[in-house]
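# A look at the structure
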Amino acid sequence: MARQHFLVVAYPGQGHINPARALAARLARATGAHVTLSVAVSAHRRMFPSLAAPDEEVHDADAGGGGISYVPYSDGYDEGFRLFASDGEAAWRHSETFGRVGREAFAGVVDRLAARGRPATCVVYAFLMWWAADVARERGIPRVLYWIQPATMLAVYYHYLHGLEELVTEHAGEPEFTVDMPGLPPMAIRDLPSFFTDLADTRLAAAFHGVRTTIEQLDIDRRSSSKPPMVLVNTVEELELDVLAASFPDLDILPIGPAATSLDGGGAAAAARASHDLYRHDEKGYMEWLAAKPAGSVVYVSLGSMSVVSRRQKEELRRGLAATARPYLWVVRSDDRDDGDGDGDGGGMVVEWCDQVRVLSHGAVGCFVTHCGWNSTLEAVACGAPMVAVPQWSDQDTNARLVAGWGVGVRAATGADRVVEAGELARCVETVMADTEAAAAVRRSSAAWKAKVREAVAEGGSSDRNLKAFLDRIANVA
């Protein structure tokens, strides 16, 4: 494998970069090959703020194997783009520019690497990076889609775009209407992505264009080859066994998750993770604060790296957390703060950003109030942390359904405005943390799934075997 060079390309968001970095590190360690991770300049400059130039290449020799190089591409928005701070026109303009400029810049990255004697032998294009598949195809480079959401979500999108779009759109305003999809249990409209149901928000329509074209790339590869396209999925086989077995007859699906930056606690690995995140980790001693709390007593709250949380929702969260009378650790990003968001009351701590895996792994944490982004969901399962699901948009409603189905948490009820009220939040927290048989059942289920997930990524586990199968197939192609 020494001659291999994996080029992993990801969208410039924290939730996209995290699983890409984790996969890059696993590829470097497992193969001894060189791995290059390419993200947009806007993200690269935040990951490495001390660079002399924002597009300067970085090499991390400590990643193992041949190390990891970071080589950015420009997407036309080198200062960054925030979907929820834009309007629909700006969102569509970003979508068009991202596809056109990003494709051209990434082609330049591929060609420069080849000219330097480091040709890519496999392009791993993550979710939304459809144009990277085009570039690889034009140059005859083997390519594989890296799906960073659950396999259930891939099945939902795939079948929606292959015959069910009209039916779902017709019933978009009926939350309890159910849709039958191959390999999936009946799915209520309320459990499907917000792209399908929030038809008035043109920002979501623009964002969904990237999902649609990602699926179209699979169709192109499926039609042009006698072999089904390979898809690496950031999930665990045991978590989605029925979906994986029945939903993808024309795709070669390899579940290799969880791709978390680390599941091993702290030390040097934690410091390295913090230094490469897009958000500056808070300097408050939150781990020391957790260490002073009783086991299973703390409510950890984080609604993700992208969504804007309304002032009203924050107030409901404050009131709900106060009603539980439990200590809490609450992440409120610096770019999503209102007056009064800086400090918790006497029972809580508010931080701008933190090492989520370390927090979820801590014995003091008894509950995770989460937006159910897939990274957060999978990290919570891997750490055995019971969840209260407060989905905001995109795939999060579907992920919340999975959380409830696995018995590792509950979904909070919200109104049409998606705000969870204080009383409902407090009720849900008590449902998973109280001294009751129902709460104990959630904790037992969380512990059982944690053991299964850790077994999957260990030597000889299902995710370990699937990653090795991918490497064998790529070696034969190359």
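Residues numbered from 1 in each chain as written. Predicted model: local features only at pLDDT ≥ 70, side-chain atom pairs only at ≥ 80, totals over all residues. Heavy atoms only, no water.

### A look at the packing of aromatic side chains
What counts here: Only Phe, Tyr and Trp rings are paired, with Trp represented by its six-membered ring, and only when their centres lie within 6.5 Å; those with planes under 30 degrees apart are stacked, over 60 edge-to-face, the remainder tilted. Helix and strand assignments follow DSSP, with helices taken as H or I runs no shorter than four residues and strands as E runs no shorter than two, numbered in order from the N terminus. Note on exposure labels: buried denotes an accessible area under 20% of the residue type's maximum, exposed denotes more than 50%, and partly exposed covers the range between, all computed with a 1.4 Å probe on protein chains only. For a ring to carry a charge above it, either NZ of a lysine or CZ of an arginine must fall within 6 Å of the ring centroid while also lying within 35 degrees of the normal to the ring plane.
Tallied over the entire structure, the rule returns 22 aromatic pairs. Measuring from centroid to centroid gives 6.1 Å for F6 and F470, while their planes differ by 45°, and the two rings are tilted. Pair noted here: F6 is in strand β1 (residues 5-9) and F470 is in helix α17 (residues 462-477), with a separation of 464 residues, a long-range link. Residues F6 and F470 agree in their burial class; the two are buried. Grouped by ring-pair contacts, the aromatic residues F84, F127, W147, Y157, Y160, F195, F196, F208 and W393 constitute a single cluster. Above the ring of Y279, the side-chain terminus of R46 is found at 4.9 Å from the ring centroid. If you follow K452 out to its NZ or CZ, it ends over the ring of W449, 4.5 Å from the centre.

### Description of the pattern of salt bridges
Filter applied, for reference: When a carboxyl oxygen of Asp or Glu is within 4 Å of a side-chain nitrogen of Lys or Arg, the pair counts as a salt bridge.
Tallying each qualifying case throughout the model produces 36 salt bridges. The closest approach of N and O atoms between R139 and D111, which form a salt bridge, is 2.8 Å. Placement of the pair is R139 in the loop between α4 (130-138) and β6 (143-147) and D111 in helix α3 (residues 88-115), with a sequence separation of 28 residues. What makes R139 partly exposed here is its relative accessible area of 33%. By relative accessible area, which is 39% here, D111 ends up partly exposed. Where D191 meets R401, a salt bridge forms, and the shortest distance between an N and an O atom there is 3.2 Å. Placement of the pair is D191 in the loop between β8 (187-188) and α6 (194-197) and R401 in helix α14 (residues 396-406), with a sequence separation of 210 residues. Given a relative accessible area of 26%, R401 falls into the partly exposed group. It is possible to trace a salt-bridge network through shared partners that takes in R103, D111, D134, R137, E138, R139, R143 and D221.

### Quick word on the confidence of the model for the protein
Heads up, the rule is: Each residue carries a pLDDT value, the predictor's own confidence for that position, ranging from 0 to 100. Any pair of residues with heavy atoms lying within 4.5 Å of one another is described as a contacting pair.
Within the protein, residue pLDDT values average 92, and 94% of them lie at 70 or more. Segment residues 264-268: pLDDT under 50, and six contacts once partners within four positions in sequence are set aside and those in other chains are kept.

### Thoughts on the packing of α3 against helix α7 (residues 202-224)
The line we're drawing: Axis geometry follows a simple rule: fit a line to the C-alpha atoms, using only the stretch in contact for helices, then measure angles between N-to-C directions, giving values from 0 to 180 degrees. Orientation categories follow fixed angle ranges, with anything under 35 degrees roughly parallel, anything over 145 roughly antiparallel, 65 to 115 roughly perpendicular, and all other angles oblique. Each residue is assigned to one of three groups, with Ala, Val, Leu, Ile, Met, Phe, Trp, Tyr, Cys and Pro labelled nonpolar, Asp, Glu, Lys and Arg labelled charged, and all others, Gly among them, labelled polar.
For the pair α3 and α7, interaxial distance at closest approach is 8 Å and the crossing angle is 10°. Put simply, α3 runs roughly parallel to α7. Counted together, G88, A91, W92 and S95 of α3 and T202, R203, A205, A206 and H209 of α7 form the full contact between these two elements. The residue makeup of the contact of α3 with α7, split by class, is four nonpolar, four polar and one charged.

### Some words on the environment of A439
Positionally, A439 belongs in helix α16 (residues 437-457). Taking the relative accessible area as the measure of exposure, A439 reaches 0% and is therefore buried. As for A439 and G409, which are separated by 30 residues in sequence, their C-alpha atoms are 9.1 Å apart. Those residues in contact with A439 that lie beyond four places of it in its chain are E430, T431, V432, M433 and A434.

### Let's talk about unusual backbone geometry
Note the cis peptide between G257 and P258, where omega equals 5°. Phi is positive for A325, which is not a glycine, with a value near 60°. Take A325: it is sitting in the loop between α11 (311-324) and β12 (328-331). A relative accessible area of 69% places A325 in the exposed class. Even without glycine at this site, S394 takes up a positive phi of about 55°. Mapped onto the secondary structure, S394 falls in the loop between β15 (387-389) and α14.

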